[in-house]
Amino acid sequence: MLLGDGRLSHDIDPTDRGPQDACGVFGVWVPADDAGEAEVSKLTYYGLYALQHRGQESAGIAVSDGARIVVFKDMGLVAQVFDESVLNTLRGHIAVGHCRYSTTGSPTWENAQPTFRSTDGGSLALVHNGNLINTPELAARLEPGRLTATTDTEVLTALLAGRPGQGSAESPARGGMSIDAAMEILPVTRGAFSLVFMDERTLYAARDPEGVRPLVLGRLERGWVVASETAALDIVGAAFVREVEPGELLAIDEDGVRSQRFAEPRPKGCLFEYVYLARPDTTISGRSVQATRVEVGRRLAREHPAEADLVIPTPESGTPAAIGYAEASGIPYGQGLVKNSYVGRTFIQPSQTIRQLGIRLKLNPLREAIEGKRLVVVDDSIVRGNTQRAIVRMLREAGAAEVHVRISSPPVAWPCFYGIDFATRAELIAGNLSVEEIRTSLGADSLGFISLDELIAASQIAKDRLCRACFDGVYPIRVDEASRGKHLLEVAQTRS
Ligand code: SF4
């Protein structure tokens, strides 16, 4: 069964897609005798629902009943892929789930997750958020013909599944996977990976030594949950316990949670999670993302003040920073644009000729609120600039006297190799134009981006513990030229 791709789009202009996150991951373990009541597949469904913003191309859930693993995945949103009858067939006491945006490999069914592999003593299902940067090197460890999909995740799954006969006398496989395989492969895996995987009896979670992408551990009354964001713990009623540490591997089963270190931590959390990626009701390093975004807005107002009558957000992404901007500047906050949230990719897209008007499908100005006003419009980031250009034009047409654009992140001038798909440097407007040139291109009366230092200060995390590469071009994990393509393995397979 292949469902239509019904991505709910936050893109205002389909030719100007915002940053696409890599994925949301979720895992749950409950005691086997609670399996019937806990309904782990439904908990996973709700968890993925809370993480839908992190990936909208495909969704999947794998469930183990202690004896075998069943996987169900398909293209589309979580609520399109799963319904009650499907979830009722996924019975067991351990589950992992995934919603995907492809950063390596094409958006096809084969590349949807969870990935699944038979192992020596059973099987393994795995979900991954992030992007590996040494995939060819890892793939070279596999025997020829062992790859069926084209993702870094598939390579990793094949390696973790190990070779027949791997369970040793000292460390026998408890389910289908030997922990030795994980402790051998994870230290040589490079890039961003927040992993949740399982065999028939044990749930595992692992995070790369840099901890680029988030991963948190939560506690159910009887059981454990791991998830990309704390918002997914909240939705299933799990209490936040702690973040999975960078370089840490957790194993969760009837003996509780066991932790092992596979590498020394070198924390470099993604700064862009604060700007855009994470949900506002998620907490990172003890601080709510919403609070950080409002603080960014305050600092933005002090760095780039404007003489204006009204502060409006680009809904919804600019809302918290616009609140902060209004608060610090004393300029009233209001709504000037109304968003239709239900325009998805299945919606018939306007042709090029009517696309100039097509933006109104997704945003409409509130004329009475903005007519004759000097406006500050706050947005979270500029990727290609088409969206902001259209908004400035729309506001002017609706009678705005002046339009001052304020952005709550520094210019995005460099691509991300750790799981976020922005665009190439050539496509990034800030990769090619100065701030003044961007202002002219947008047609704004003024333009201000928050500085990197102020953004970092608002996050309350030390600069050297953050990845800021898309803003400053300093990549904390070295990426070879050869490892930079999204369709890397497909190209390699075509060539071979
Ligand atoms: S390059 Fe940017 S988006 Fe990518 S991990 Fe670093 S801060 Fe995050």
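Residues numbered from 1 in each chain as written. Predicted model: local features only at pLDDT ≥ 70, side-chain atom pairs only at ≥ 80, totals over all residues. Heavy atoms only, no water.

This brings us to the UniProt feature "binding site: [4Fe-4S] cluster" (unreviewed entry) in the protein. Mapped onto the present numbering, the UniProt feature "binding site: [4Fe-4S] cluster" (unreviewed entry) falls at Cys-270, Cys-416, Cys-467 and Cys-470. These annotated residues cover 201 residues of sequence, and their C-alpha atoms lie no more than 10.1 Å from one another, placing them together at a single site. As for its position among the elements, Cys-270 is in strand E14 (residues 269–270). Note on Cys-270: relative accessible area 10%, which makes it buried. (UniProt positions renumbered as here; feature names shortened; annotations may be inferred. Helix = DSSP H or I, 4+ residues; strand = E, 2+ residues; numbered from the N terminus. Buried < 20%, exposed > 50% of the residue type's maximum accessible area, 1.4 Å probe, protein only.)

Attention now goes to the sheet that holds strand E12 (residues 248–253). Read across the sheet, six strands follow the order E5-E6-E7-E8-E12-E13 without closing on themselves; strand pairing throughout is antiparallel. With partners counted over all chains shown, the strands left at the sheet margins are strand E5 (115–118) and strand E13 (256–261), one partner each. Here the average twist between neighbouring strands, direction ignored, is 20 degrees. Examined bridge by bridge, strand E6 (residues 123–132) and strand E7 (residues 191–198) share eight bridges and lie antiparallel to one another. From the neighbouring strand, Gly-130 faces E7, where its bridge partner is Phe-193. Strand contacts of helix H6 (residues 152–161): E5, E6 and E7, with the helix running at about 140 degrees to E6, the strand carrying the most contacts. (Pairing = 2+ DSSP bridges. Axes fitted to C-alpha atoms, helices over the stretch in contact; angles between N-to-C directions. Contact = heavy atoms within 4.5 Å.)

Take the sheet that holds strand E20 (residues 374–379) next. Taking strand neighbours across the sheet as the criterion, the four strands line up as E17-E20-E21-E22 in an open arrangement whose pairing is parallel. Each edge of the open sheet carries a strand with a single partner, namely strand E17 (310–313) and strand E22 (446–449). Going from strand to strand, the sheet's axes swing by 20 degrees on average, the running direction of each strand aside. Relative to E22, strand E21 (residues 402–407) runs parallel, the two being bridged by four bridges. When the bridges of E22 are listed, Arg-406 appears paired with Gly-448. Against the sheet, helix H10 (residues 289–303) contacts E20, E21 and E22, and its axis sits at roughly 130 degrees relative to E22.

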